[in-house]
Amino acid sequence: MKTAVVTGGSSGIGKAIAERLRKDGHQVAVLDLNPSGGELEYKVDVSDRTQVDDAFAQVREQLGPVTILVNGAGLELYKRFHNIDFATWQKVVDVNLGGVFHCVQAALPDMLEAGWGRIVNISSSSAQSGQQFMAPYVSSKAAVNGLTKSLALEYGPSGITVNAVPPGFVETPMLHRSAEKGLLGGTIEEHIQRTPVRRAGRPEDIAAACSFLISEEAGYITGQILGVNGGRNT
Ligand code: NAP
């Protein structure tokens, strides 16, 4: 039994990942801005290093060394680029990229000590395609893909794999919020018709990919960006 930390694990994709990892037999701690009150959920803003370090220290004390990390916390923003001030840009980057920085740094000592680790970063298919009105979000997620590849090269020799799963069009509160605001560029049904497998993604689809990448069998897979998007981006 290993100890996993899943950020953003109280909602949507992160919640499904946490549930799947529990089923896989791991002890799972969730770090989220709005914990849902479940056991082993910690209220943490991943862009705040002190909060991240404190939460990892508590997890370590309760459950032992953290050798699995899934970075699922994310902040979306829809705004015309010329109307975004730098503080707003920075906030998105601080959560989506800075959060990964802080959590990976918090987890790595345990992984290095164990000589084994699994890191999965949830980026976004928009990093492949681009997305209008989402420049800070897309830029931060593209950076997460770059960070993933760099860390894979650096930590492969230490038994640690680092991969990214960029979801596309997965039915979660985040997607519904965008649809309700008319920001999807079409209805959910229209998007389904544009998706090769003719359905929206489910959080469990992303969780299944994470489960595989975390498994012992996936030890030869690192630095990869595994798109789970129904064929919308190839
Ligand atoms: P979601 O349902 O909104 O879940 C995201 C979770 O992260 C929420 O619980 C959220 O808390 C939490 N969170 C946000 N900022 C945080 C912070 N600073 N510190 C800690 N937790 C924070 O969204 P989702 O659709 O499942 O998204 C999960 C991940 O997939 C995100 O990284 C997202 O960018 C990525 N993604 C999703 C899709 C999709 O189609 N749904 C597509 C591409 C990428 P609050 O509820 O309080 O904000």
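Look above for the structure.
The present account deals with the structure reproduced in this document.

## Describing the site of the ligand
Alright, step 1. Lining the immediate environment of the ligand, one finds 26 residues, of which Ser11, Asn34, Tyr137, Val170 and Thr172 sit closest.
Alright, step 2. Here an oxygen atom of the ligand sits 2.5 Å away from a polar atom, N or O, in the side chain of Tyr137.
Alright, step 3. Protein chains bury 91% of the 880 Å² of accessible surface belonging to the ligand in isolation.
Alright, step 4. At the level of secondary structure, the elements contributing two or more residues to the shell around the ligand comprise α1 (12–23), α5 (135–155) and α6 (173–180).
Alright, step 5. Counting residues per element, the shell around the ligand draws most heavily on α6, which supplies three residues.

## Overview of helix α3 (residues 86–114)
Alright, step 1. Here α3 contains 29 residues, and its C-alpha end-to-end distance of 40 Å stays within 8% of the 42 Å for a straight helix at 1.5 Å per residue.
Alright, step 2. Most pronounced at Gly98, the bend in α3 amounts to some 40 degrees.
Alright, step 3. Remark: Gly115 follows α3 within two positions and exhibits a positive phi of approximately 70 degrees.

## Observations regarding the sheet that holds strand β1 (residues 3–7)
Alright, step 1. Pairing is parallel across the open sheet formed by six strands, whose spatial order is β3-β2-β1-β4-β5-β6. The two strands at the open ends of the sheet, each matched to only one other strand, are β3 (41–43) and β6 (160–165). Averaged over all adjacent pairs, the angle separating strand axes in this sheet is 20 degrees, with direction ignored.
Alright, step 2. Where strand β5 (residues 117–122) and β6 come together, six bridges link them in parallel fashion. Paired with Val120 across the two strands is Asn163, which belongs to β6.

## Observations regarding the nonpolar core
A general trend in soluble globular proteins is that nonpolar side chains are found buried together.
Alright, step 1. One finds Val5, Phe56, Leu69 and Ile119 to be the most contacted residues of the largest nonpolar core, which totals 28 residues.
Alright, step 2. Listing elements by their share of this core, those giving two or more residues are β2 (27–32), α2 (49–63), β4 (66–71), α3, α5 and β6.
Alright, step 3. For this core, the element with the highest residue contribution is α3, accounting for eight residues.
Alright, step 4. With 23 residues, the next largest nonpolar core counts Ile17, Trp116, Val120 and Val170 among its residues.

## Focus: α1
Alright, step 1. Here α1 spans 17 Å end to end across twelve residues, near enough to the 16 Å set by a 1.5 Å rise per residue.
Alright, step 2. Those residues of α1 that are buried are in contact with β1, β2, β4, β5, α6 and α8 (203–214).
Alright, step 3. Following α1 by one or two positions, Gly25 has its phi on the positive side, about 100 degrees.

## Structural notes on the state of the cysteines
Alright, step 1. Inspection of every chain in the model, using the stated rule, returns zero disulfides.
Alright, step 2. Free of any disulfide, Cys103 has its nearest cysteine sulfur in Cys210, 15 Å distant.

## Considerations on the packing of α1 against α8
Alright, step 1. Orientation of α1 relative to α8, taken along the N-to-C sense of each, is 45 degrees, at an axis distance of 8 Å. Relative to α8, the element α1 lies oblique. Handedness of the α1/α8 crossing: right-handed. Listed contacts from α8 to Gly12, Ile13, Ala16, Ile17, Arg20 and Leu21 of α1 are Pro203, Glu204, Ile206, Ala207, Ala208, Cys210, Ser211 and Ile214.
Alright, step 2. Its residues assigned to classes, the contact of α1 with α8 shows ten nonpolar, two polar and two charged.

Rules behind the numbers
Residues numbered from 1 in each chain as written. Predicted model: local features only at pLDDT ≥ 70, side-chain atom pairs only at ≥ 80, totals over all residues. Heavy atoms only, no water. Near = heavy atom within 4 Å. Polar contact = N/O pair within 3.5 Å; in protein donor to acceptor, adjacent residues only side chain to side chain. Areas by Shrake-Rupley, 256 points an atom, 1.4 Å probe, with all protein chains shown as cover. Helix = DSSP H or I, 4+ residues; strand = E, 2+ residues; numbered from the N terminus. Expected span 1.5 Å × (residues − 1). Bend = angle between axes of the 7 residues up to and from the residue. Pairing = 2+ DSSP bridges. Axes fitted to C-alpha atoms, helices over the stretch in contact; angles between N-to-C directions. Core = buried A, V, L, I, M, F, W, Y, C linked by side-chain atoms within 4.5 Å. Buried < 20%, exposed > 50% of the residue type's maximum accessible area, 1.4 Å probe, protein only. Contact = heavy atoms within 4.5 Å. Disulfide = S-S within 2.5 Å. Parallel < 35°, antiparallel > 145°, perpendicular 65-115°, else oblique. Left-handed = near helix turned anticlockwise from the far one by under 90°. Nonpolar A, V, L, I, M, F, W, Y, C, P; charged D, E, K, R; others polar.

Everything listed here is a matter of coordinates, which is why it stays silent on function.
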